[in-house]
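As a plain string of letters, each chain reads:
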Amino acid sequence: MEVTIRRARTDDVRTVRRLIDAYSQDGILLDKPTVTLFESVQEFWVAERLDTGEVVACGALHVMWLDLAEVRTLAVDPICRGHGVGHRLLEQLVETARGLGVRRIFCLTFEVAFFAKHGFIEIGETDDGTTDPAVIATEVYEELLHSYDEGVAEFLGLERVKPNTLGNSRMLLHL
């Protein structure tokens, strides 16, 4: 299956919504309000089939700090899985991070093997369930606590998002 990877546009948001819905029903992806997808459309890349023009995958890169970003909402249409579309999309997100000067990329995922193929490694937690301080400096942790973003709260392992992260693995890629 041949696809082109491109920046998402506002007219892609309805398809991104459909892709998220396919995985959020099973708790694999967190659901997001459609307004949030429109607000963050500039963070998204999509895979578009060359033969039909249909968007069949999406993924976002959210910058969290000077050297840290998160891969979010990476989803491939179930009928297109196994064709390398997700791999190509993740490679684009990693290249985007490099271009922005990001040195580390975080993800929260059930798809550990997929991300491990791209060099992501699982990161630990402290005894209280928060992100290991070896991953993030104390002063950065303190600043990130001021963020209203749920993805940042998930990265930090804050108690208020624990129900959303049970069973997921925190993974990190050093560029």
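See above for the structure.
Reading guide: rules and limits
Residues numbered from 1 in each chain as written. Predicted model: local features only at pLDDT ≥ 70, side-chain atom pairs only at ≥ 80, totals over all residues. Heavy atoms only, no water. Buried < 20%, exposed > 50% of the residue type's maximum accessible area, 1.4 Å probe, protein only. Helix = DSSP H or I, 4+ residues; strand = E, 2+ residues; numbered from the N terminus. Pairing = 2+ DSSP bridges. Salt bridge = Lys/Arg side-chain N within 4 Å of Asp/Glu carboxyl O.

**Q** What exactly am I supposed to notice about the pairing of strand E7 (residues 169-174) here?
**A** Successive residues of a regular strand alternate their side chains across the two faces of the sheet. E7 sits mainly inside the fold: five of its six residues count as buried. Taken together, the two bridges between strand E6 (residues 121-122) and E7 define a ladder with antiparallel strand orientation. Across the sheet, the residue bridging to Ile121 is Leu172, located in E7.

**Q** Teacher, can you tell me more about the pattern of salt bridges here?
**A** Oppositely charged side chains may form a pair once their charged atoms are brought near each other. All told, the structure shown has 11 salt bridges when counted by the stated rule. Across the pair Arg6 and Glu48 runs a salt bridge whose closest N-O atoms are separated by 3.0 Å. Of this pair, Arg6 sits in strand E1 (residues 3-7) while Glu48 sits in strand E2 (residues 44-49), and the two are 42 residues apart along the sequence. Accessibility assignment for this pair places Arg6 and Glu48 in one class, buried. Two residues, Arg17 and Asp21, come together in a salt bridge whose shortest N-O distance is 3.2 Å.

Without other data, these values stay purely geometric and don't point to any function.
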